[in-house]
Amino acid sequence: MVKTVNDNFSVSQICRSGQCFRMDELEGGKEGAAGLVAYGKYLELSQTGNEICFDCTQEEYDGIWKSYFDMETDYASIIGRIDAKDEYLTAAAAFGSGIRILRQDLWETIISFIISQQNNIKRIKKCIRLLCERYGERRVAKNGCVYYAFPTPEELAKASIEDLYACNLGYRSRYIHETANAVYRRDISLEQLRTPDYEEARKELLRLCGVGAKVADCICLFALHKTEAFPKDTHINKVLASRYPGGFPFDRYADCSGILQQYIFFYDLNRTNFVGSANLE
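Thresholds, definitions, all that
- Residues numbered from 1 in each chain as written.
- Predicted model: local features only at pLDDT ≥ 70, side-chain atom pairs only at ≥ 80, totals over all residues.
- Heavy atoms only, no water.
- Helix = DSSP H or I, 4+ residues; strand = E, 2+ residues; numbered from the N terminus.
- Rg over C-alpha atoms; globule rule 2.2 N^0.38 Å.
- Buried < 20%, exposed > 50% of the residue type's maximum accessible area, 1.4 Å probe, protein only.
- Contact = heavy atoms within 4.5 Å.
- Pairing = 2+ DSSP bridges.
- Axes fitted to C-alpha atoms, helices over the stretch in contact; angles between N-to-C directions.
- Phe/Tyr/Trp six-rings, centres within 6.5 Å; stacked < 30°, edge-to-face > 60°.
- pLDDT = per-residue confidence, 0-100.
- Parallel < 35°, antiparallel > 145°, perpendicular 65-115°, else oblique.
- Nonpolar A, V, L, I, M, F, W, Y, C, P; charged D, E, K, R; others polar.
- Left-handed = near helix turned anticlockwise from the far one by under 90°.
- Polar contact = N/O pair within 3.5 Å; in protein donor to acceptor, adjacent residues only side chain to side chain.

(A) Structural view of the overall build of the chain. Of the regular secondary structure elements, the chain holds 13 helices and 7 strands. Expected size for 281 residues packed as a compact globule is a radius of gyration near 19 Å; at 18 Å, the chain falls within 12% of this value. Across the 281 residues in the chain, those meeting the buried criterion constitute 55%. Long-range contacts, defined here as pairs at least 24 residues apart, represent 66% of the contacts in the chain between residues at least 6 apart.

(B) Quick peek at the sheet that holds strand β1 (residues 2-5). Within the open sheet, the 5 strands sit side by side as β1-β5-β4-β3-β2. Their pairing is antiparallel. With partners counted over all chains shown, the strands left at the sheet margins are β1 and β2 (23-25), one partner each. Adjacent strand axes in the sheet meet at a mean angle of 20 degrees when their direction is disregarded.

(C) Inspection of the packing of aromatic side chains at higher detail. Under the definition given, this model contains 20 aromatic pairs. With a centroid separation of 5.5 Å and an interplanar angle of 80 degrees, the aromatic rings of Trp65 and Tyr68 are classed as edge-to-face. Here the residue Trp65 and the residue Tyr68 both occupy positions in helix α2 (residues 58-68), the gap between them amounting to 3 residues, near one helical turn. Accessibility classification places Trp65 together with Tyr68 in one group, the buried group. Grouped by ring-pair contacts, the aromatic residues Phe9, Tyr39, Phe54, Tyr61, Trp65, Tyr68 and Phe69 constitute a single cluster.

(D) Expanded view of helix α11 (residues 213-222). The element α11 is largely enclosed, with a buried count of 9 among its 10 residues. Within the sequence span of α11, burial applies to Lys214, Val215, Ala216, Asp217, Cys218, Ile219, Cys220, Leu221 and Phe222. Structurally, α11 contributes buried residues whose contacts are with α5 (106-115), α10 (198-205) and α13 (257-271).

(E) Summary view of the confidence of the model for the chain. Summary statistics for the chain give a mean pLDDT of 93 and a share of 95% for residues scoring 70 or more. Within the model, pLDDT remains below 50 along residues 274-279, and this stretch shows 18 contacts once partners closer than five positions in the same chain are excluded.

(F) Layout of the packing of helix α12 (residues 234-243) against α13. For the pair α12 and α13, the least separation of the axes is 9 Å and the interaxial angle reads 95 degrees. The pairing of α12 with α13 is recorded here as roughly perpendicular in orientation. Counting all contacts with α12, which are made through His235, Ile236, Lys238, Val239 and Arg243, the residues of α13 involved are Gln261, Ile264, Phe265, Asp268, Leu269 and Arg271. Of the residues in the contact of α12 with α13, the class split is 5 nonpolar, 2 polar and 4 charged.

(G) Geometry of the packing of α5 against helix α6 (residues 121-135). Contact pair α5 / α6: the axes reach a minimum separation of 9 Å and the direction vectors enclose 130 degrees. The orientation of α5 with respect to α6, classified from their angle, is oblique. Crossing angle aside, the handedness with which α5 passes α6 is right-handed. For the pair α5 and α6, the contacting residues are Ile111, Ser112 and Ile115 in the first and Ile124, Cys127, Ile128 and Leu131 in the second. Classifying every residue of the contact of α5 with α6 by side-chain character gives 6 nonpolar, 1 polar and no charged.

(H) Quick peek at unusual backbone geometry. With a phi close to 65 degrees, Asn168 is a non-glycine residue in the positive phi region. Judged by relative accessible area, which is 39%, Asn168 ranks as partly exposed. One non-glycine residue, Arg186, lies in the positive phi region at around 65 degrees. On the secondary structure map, Arg186 appears in the loop between α9 (172-184) and α10.

(I) View of the side chain of Gln117. Structurally, Gln117 is set in the loop between α5 and α6. When its relative accessible area of 13% is taken as the criterion, Gln117 is described as buried. Polar contacts involving the side chain of Gln117 include one to the main-chain carbonyl oxygen of Gly210, which spans 2.8 Å.

(J) Looking closely at the pairing of strand β5 (residues 51-54). Here β1 pairs with β5 via 4 bridges, running antiparallel. Opposite Val2, over in β5, you have Phe54 as the bridge partner.

Below, the structure written as structure tokens:
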């Protein structure tokens, strides 16, 4: 067990932030407890106040979860940079101050956000679960919990479009089939996507079947950790139109606008009572 203290960390808010689809609050457990599958590992974590407990070894925490949860970034200083005159953004950041930008697996994030198009959170999670159960490797955690690793490009490339339809993917089946084959054939290299340049990475992602501007920005933000990426969906566009008719102040927040986007997204989602059923497109 690894324990750490952080004033800008909320297990519950991260679970409901719409950036990760295999992290769920544990039913029947204490408030602030969640289970997560990532990087082929299963992790349970819980929180009391500002103390977070990670049920793993120190080695695993240092090697995976410390980076995954972006624990070395000072989110309080980012919130402190918000213009005090911007009442909406100030309120959004205060409301979602426990959200962190996760450093997710690139391949899993690509497929997950292709699935997210014109979809809601409950259905996205179901689709990903079916995909993992059918094509991912079955594993057992130390507490006996059975889980499935996310299928590799090779494993998904071998699946027919018809088989993918059986995972409730609908028209996205073709996107996943073609993207998996493009990556498996190395027509597009995942490693080359890790370029330090946001625009270059985004341009490469747009070459993938089923990846448009919004999905590319989600991948840049939630996997490549390019915090200048600012995904725009119906929720964000609505806020921009109503609160920032003259344009969002990107120049002021050039290096952290993606973090602020998450505060806005979470705030708008909760204020309109669509948590868990929101359309992510």
